[in-house]
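If you want the building blocks of each chain, they are given just below.
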Amino acid sequence: MFSLDWIYYAISWILLTWHSAWDAIGIPVSAVIGTNFAWILAIIFLVVTVRVILFPVFVKQIKSQRAMQALQPQVKALQEKHKGDRETLQKEMMELYRKEKANPLMGCLPMFLQIPVFLGLFHVLRRLDPAKQAKTLYGWSVEQFDSASQAKLFTAPIAGKFGSTADELARLNANGTTVKIIAGILVLVMMGTTYLTSRQMILKTGWAEDPQQRMIQRLMLYGIPLSLLVSGAIFPIGVIIYWVTNNLFTLGQQQWVLRKYPPPPTANKATSGARNSVQPAKSGGLFGRGKPAPQVPAKATAPKIAGPKPGAKPVNPKKGRPAKRQG
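What you see is a predicted model; the values in this text were computed from it and never measured. (Residues numbered from 1 in each chain as written. Predicted model: local features only at pLDDT ≥ 70, side-chain atom pairs only at ≥ 80, totals over all residues. Heavy atoms only, no water.)

Enquirer: I tried to follow empty space enclosed by the protein on my own but got confused; where do I start?
Expert: Sizing a probe to match a water molecule and rolling it over the atoms shows the empty space that remains. Following the criterion strictly, the structure yields two cavities of 30 Å³ or more and no others. Considering the residues around the largest cavity, the lining is formed by Arg 51, Leu 54, Phe 55, Phe 58, Pro 110, Gln 114 and Gln 253. Those elements giving two or more residues to the lining of the largest cavity turn out to be helix H3 (55-70) and helix H6 (109-126). Of the residues in the lining of the largest cavity, the class split is four nonpolar, two polar and one charged. Considered as a void within the structure, the second largest cavity measures approximately 40 Å³ in volume. In terms of lining, the second largest cavity is formed by Leu 15, Trp 39, Ile 43, Leu 125, Leu 128, Trp 140, Ala 148 and Ile 158. (1 Å grid on protein atoms, 1.4 Å probe; cavity = no way out; pocket = protein on both sides within 12 Å on 5 of 7 lines; lining within 4 Å. Points joined across faces, edges and corners; volume = space filled by probe spheres on them. Helix = DSSP H or I, 4+ residues; strand = E, 2+ residues; numbered from the N terminus. Nonpolar A, V, L, I, M, F, W, Y, C, P; charged D, E, K, R; others polar.)

Enquirer: How should I be thinking about unusual backbone geometry in this particular structure?
Expert: Here the phi dihedral of Ile 33 falls at roughly 55°; this positive angle occurs in a residue that is not glycine. Within the secondary structure, Ile 33 is located in the loop between helix H1 (5-24) and helix H2 (37-53). Phi at Phe 154 is positive, roughly 50°, even though this residue is not glycine. The topology assignment puts Phe 154 in the loop between strand S1 (152-153) and strand S2 (156-157).

Enquirer: Just checking my understanding: could you explain the pattern of salt bridges for this structure?
Expert: One side chain can pair with another of opposite charge once the charged atoms of both are near each other. Following the criterion strictly, the structure yields seven salt bridges and no others. Across the pair Lys 91 and Glu 87 runs a salt bridge whose closest N-O atoms are separated by 3.6 Å. Here Lys 91 pairs with Glu 87, and both are found in helix H5 (residues 86-100), just four residues apart, close to one helical turn. Where Lys 161 meets Glu 168, a salt bridge forms, and the shortest distance between an N and an O atom there is 3.5 Å. According to the relative accessible area criterion, Lys 161 is buried, its value standing at 16%. (Salt bridge = Lys/Arg side-chain N within 4 Å of Asp/Glu carboxyl O. Buried < 20%, exposed > 50% of the residue type's maximum accessible area, 1.4 Å probe, protein only.)

Enquirer: Explain the nonpolar core here, please?
Expert: Taken as a class, soluble globular proteins show a tendency for nonpolar side chains to be buried jointly. In terms of nonpolar packing, the biggest core is built from 50 residues, with Leu 121, Phe 235 and Ile 237 touching the most fellow members. The set of elements that each furnish at least two residues to this core consists of H1, H2, H6, helix H7 (142-149), helix H9 (176-205) and helix H11 (237-260). Not counting chain neighbours up to four residues away, the residues in contact with Ile 237 comprise Leu 153, Ala 156, Pro 157, Ile 158, Gly 160, Val 179, Ile 182, Ala 183 and Leu 186. Among the nonpolar cores identified, the runner-up in size contains nine residues, and Leu 71, Leu 78, Tyr 97 and Ala 102 belong to it. (Core = buried A, V, L, I, M, F, W, Y, C linked by side-chain atoms within 4.5 Å. Contact = heavy atoms within 4.5 Å.)

As structure tokens, this is what we get:
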């Protein structure tokens, strides 16, 4: 049976390393304003560590998306050519993607690579139960385990969750109402930032012409945030902190990449033309409320002078000029 212990050891090592680093530079280990900042920062910088490692993959994702956008005119032509023949259309599109070295699934790769990290952190935080006997599992010392199991965010333990039972809360020495309030707020923030990360990319790159790609975009934009409303109840508060931090990191990273590597002009024209060829394209803004791009005023053209009518006498251009004096 495949073991995930190596992931749990890796996540634990990163958390403990960052916690030791914050402790060494003077971040208090004890609670301040009901928060153990050394452990909160350890979770936040777990995100930074993972995202730095995955940055080359993120760049490949952007390049793949650019290739997909450049192929949109050819995809649209294939859809018109094979309208009603879905099987042939899919074969032709796969051949086009293979020939142009574009991967429709590349857009989801960074998210899939982060799933093991998410599951590893979820598992590590779930075992932060003071009643556990194996406190030294995954490289923890007893002192580190006890410190993490007592770590809190505004008096809500990072190992607690919205759906924690009364027995679990008692072992964590936590107030059920406080845990539900903190966890509930974080779940809403998690849903909102998850929506914004997808919305930001779609605003900049436009909706895909390919039905399969468009379905993936809709799933990312609406499906995942809505699913978090239910699944968020079982996530420990520390995991939600990780998710929100990851979303904020993604928003900043996407904004930088989209400015440095803007979408090809053909994609913007296709997107704006599909919706309304007359309206100017909107420029930026997470919520699509950016100011319209300034329109270049049309150059004034000289009025055309009508030619003489047939049969009309020629006009003497010298007529009307003063006669020259003769010496």
